[in-house]
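Survey of secondary and tertiary structure
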Amino acid sequence: MVSRAERSAFSDWWWTVDRLLLAALAILMVAGLVFLMAGGPPVAERLGLSTFHFVSRQVMFLVPALLILLPVSFLSLRHIRRLALLVYVGGMAMIMLAFQFGPEIKGAHRWIMIGPLGVQPSEFVKPAFVVLAAWAFSEGARRKDMPGALLALMILPATIIPLILQPDFGQTMLITIVWCGLFFVAGLHWFWVMGLGGAGLVGIVAAYEFLPHVRARIERFLDKDSGDTFQVDMAMESFSRGGWLGRGPGEGTVKRILPDAHTDFIFAVTAEEFGIIVCLGLLLLFGFIVLRGLMLARRNEDTFCRLAATGLILMFGLQAAINMMVNVHLMPAKGMTLPFISYGGSSLMSLALGMGFLVALTRRRPRAEMMEHFNQDWQR
């Protein structure tokens, strides 16, 4: 047990961090490995890989993810902003390189190869974008000589236009919704709420008209007879076969024919083998993390911390909600991973970065430290 009397970086961190939030994230990571042991082997066998290929790789990805989350959670507010800026610039540069050098996968250039590993730069841009947008909003509210609102307005198109060109409509929609949420929390007038809502509807209509893959997904969602709905139909079949208590670990059958059973549709695989009750428990765990994060953000006196924490937890919750809603056919297919549950190195490490930012932002800091942070920012 760490003593309160001990004065070290670790003890200061331990007694100021929200341990309930950390525990919930740890449970989620362990649950992800358990559920991946159900969804990963059938996909690996279809691809001619070893049975636990995806499980073992996910364990390997968890190591650097923890090495990201924990050190980042120690950072001061100034270092959080600097790291976010570095990650954002590097991520956007890699997105541009992906257009020229990245492989084309399903008609999109979203990945860039670093040796034998594939990296999706947009995943890392998301948490960095939230921190930078929150900083711009907070500085604009605090300093009249700082065009924070203008910077916040400029960072959105600078981020989503390259994503649209990839194309990656799912990530574009997620980032835009989170940005609108930040704008609202920062004190957006209802006039702008209606304006942004109208612009969002125009964007959806434009995507439907000019992006064939978006139109196909929406039409398949609204009318099953308009195209191939095999994935969604099999996902719904998983819930039906699993019932309340599930068929038992390893006893699922739909996962053997369900594409992306280890990524986009791992929630459906979980339903068949572990039952709807376990899925509801997983939903409650996500809900606890989101509500805990919002509570910690609400009681924070620093505007930047409050906005950044709200944006990060909003992004985390929306991503989870979108994935689960697609699995139960409440939304068109988006290709969105379930946080810390779905297989994927880029997704796992970017989520670790975002949650590391969140844990650092919501640490209990002495008022003297917050005043020093405020004065340093004002002097700059």
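A few points about the overall build of the protein
A count of helices and strands for the protein gives 15 helices and 2 strands. Residues counted as buried form 49% of the 380 residues belonging to the protein.

A word on the packing of aromatic side chains
In total, this model carries 13 aromatic pairs according to the counting rule given. Summarising the aromatic geometry, the rings of Phe-54 and Tyr-343 are spaced 4.8 Å apart at their centres and angled 70° between planes, so their arrangement reads as edge-to-face. Linking Phe-54 in helix H3 (residues 53-73) with Tyr-343 in the loop between helix H13 (303-327) and helix H14 (345-361), this pair joins segments that are 289 residues apart in sequence. An identical accessibility class is assigned to Phe-54 and Tyr-343; each is buried. Ring centres of Phe-61 and Tyr-343 lie 6.1 Å apart, and the angle between their planes is 45°; on these two criteria the pair is classed as tilted. In this pair, Phe-61 is assigned in helix H3 and Tyr-343 in the loop between H13 and H14, connecting sequence segments 282 residues apart. With respect to burial, Phe-61 and Tyr-343 carry one shared label: buried.

Brief notes about the confidence of the model for the protein
Looking at the protein, the pLDDT average stands at 85 and 88% of residues meet or exceed 70. Here helix H15 (residues 367-379) is the element of the protein with the lowest mean pLDDT, 51, and helix H12 (residues 276-298) is the one with the highest, 96.

Focus: the side chain of Asp-264
Along the chain, Asp-264 turns up in the loop between helix H10 (230-242) and helix H11 (266-274). Residues within four places of Asp-264 in sequence aside, it is in contact with Asn-323, Asn-327, Gly-335, Met-336 and Thr-337.

Here's the deal with the packing of helix H2 (residues 19-46) against H11
Where H2 contacts H11, the axes come no closer than 9 Å and their chain directions differ by 90°. Comparing the axis directions of H2 and H11 gives the class roughly perpendicular. Here Val-34, Phe-35, Leu-36, Ala-38 and Gly-39 of H2 lie close against H11, whose contacting residues are Ile-266, Val-269, Thr-270, Glu-273 and Phe-274. Partitioning the contact of H2 with H11 into residue classes produces 7 nonpolar, 2 polar and 1 charged.

With respect to the pattern of salt bridges
For the structure shown, the criterion picks out 6 salt bridges. Here Lys-126 ties to Glu-123 by a salt bridge, and the two come within 3.2 Å at their closest N and O atoms. Of this pair, Lys-126 and Glu-123 are both found in helix H5 (residues 121-142), 3 residues apart, which corresponds to roughly one turn of the helix. Accessibility expressed as a relative area gives 2% for Lys-126, which makes it buried. Of the residues examined, Glu-123 reaches a relative accessible area of 5% and is grouped as buried. With its nearest N and O atoms 2.9 Å apart, the salt bridge here joins Glu-237 to Arg-241. Placement of the pair is Glu-237 and Arg-241 together in helix H10, with a separation of 4 residues, close to one helical turn. Looking at Glu-237, the relative accessible area reads 29%, which means it is partly exposed.

Structural notes on H13
Look at H13: 36 Å from first C-alpha to last across 25 residues, which is about the 36 Å you get at 1.5 Å a residue. The distance from a side-chain oxygen at the start of H13 to the backbone nitrogen of Phe-304 is 3.1 Å, and the residue carrying that oxygen is Asp-302. Looking at the residues trailing H13, positive phi occurs at His-329, about 60°.

Regarding the packing of H2 against H3
The interhelical angle for the contact between H2 and H3, taken along N-to-C directions, is 155°, at an axis separation of 8 Å. Taken as axis vectors, H2 and H3 run roughly antiparallel relative to one another. Handedness of the H2/H3 crossing: right-handed. Packed against H2, whose contacting residues are Leu-22, Met-29, Leu-33, Leu-36, Met-37, Gly-40, Val-43 and Ala-44, the element H3 presents His-53, Phe-54, Val-55, Gln-58, Val-59, Leu-62, Leu-66 and Leu-69 at the interface. The residue inventory of the contact of H2 with H3, partitioned by class, reads 13 nonpolar, 3 polar and no charged.

Regarding helix H1 (residues 9-16)
Where H1 is concerned, the buried positions are Ser-11, Trp-13, Trp-15 and Thr-16. Contacts from the buried residues of H1 go to H2 and H3.

Thoughts on unusual backbone geometry
The phi dihedral of His-329 is positive, around 60°, even though this residue is not glycine. Positive phi, close to 65°, is recorded for Phe-340, a residue that is not glycine. Mapping Phe-340 onto the fold places it in the loop between H13 and H14. For Phe-340, a relative accessible area of 3% puts it in the buried group.

What counts, and where the lines are drawn
Starting from 1, residues in each chain are numbered consecutively following that chain's sequence as written. Where local features are concerned, this predicted model is filtered to residues with pLDDT of at least 70; where side-chain atom pairs are given and counted, the filter is 80 or more; whole-chain, interface and lining totals use all residues. Excluding hydrogens and water, the side-chain figures rest on all heavy atoms present in the structure. Numbering of helices and strands runs from the N terminus; a helix is a DSSP stretch of H or I covering at least four residues, while a strand is a stretch of E covering at least two. Think of it in three bands: residues with accessible area under 20% of the maximum for their type are buried, residues over 50% are exposed, and the middle band is partly exposed, with areas taken using a 1.4 Å probe on protein chains only. Pairing of aromatic rings covers Phe, Tyr and the six-membered ring of Trp, with a centre-to-centre limit of 6.5 Å; geometry is then stacked below 30 degrees between planes, edge-to-face above 60, and tilted otherwise. The quantity called pLDDT is the predictor's confidence in a given residue, expressed from 0 to 100. Contacts are assigned to residue pairs that have any heavy atoms within 4.5 Å of one another. Interaxial angle, 0 to 180 degrees, is taken between N-to-C directions of lines fitted to C-alpha atoms, where a helix line uses only the stretch in contact. Here is the rule for angles: anything less than 35 degrees is roughly parallel, anything more than 145 is roughly antiparallel, 65 through 115 is roughly perpendicular, and the remaining ranges are oblique. Residues are sorted three ways: Asp, Glu, Lys and Arg are charged, Ala, Val, Leu, Ile, Met, Phe, Trp, Tyr, Cys and Pro are nonpolar, and all the rest, Gly among them, are polar. Throughout this description, the term salt bridge denotes a Lys or Arg side-chain nitrogen within 4 Å of a carboxyl oxygen of Asp or Glu. Every helix has an expected span of 1.5 Å times one less than the residues it contains. We define a polar contact as two N or O atoms separated by no more than 3.5 Å, with the added condition that, inside protein, one atom must be a possible hydrogen donor and the other a possible acceptor, whereas residues neighbouring each other in sequence contribute only through side-chain atom pairs. Should the near helix be turned counterclockwise from the far one by less than a right angle, the crossing is left-handed, whereas a clockwise turn marks it as right-handed.

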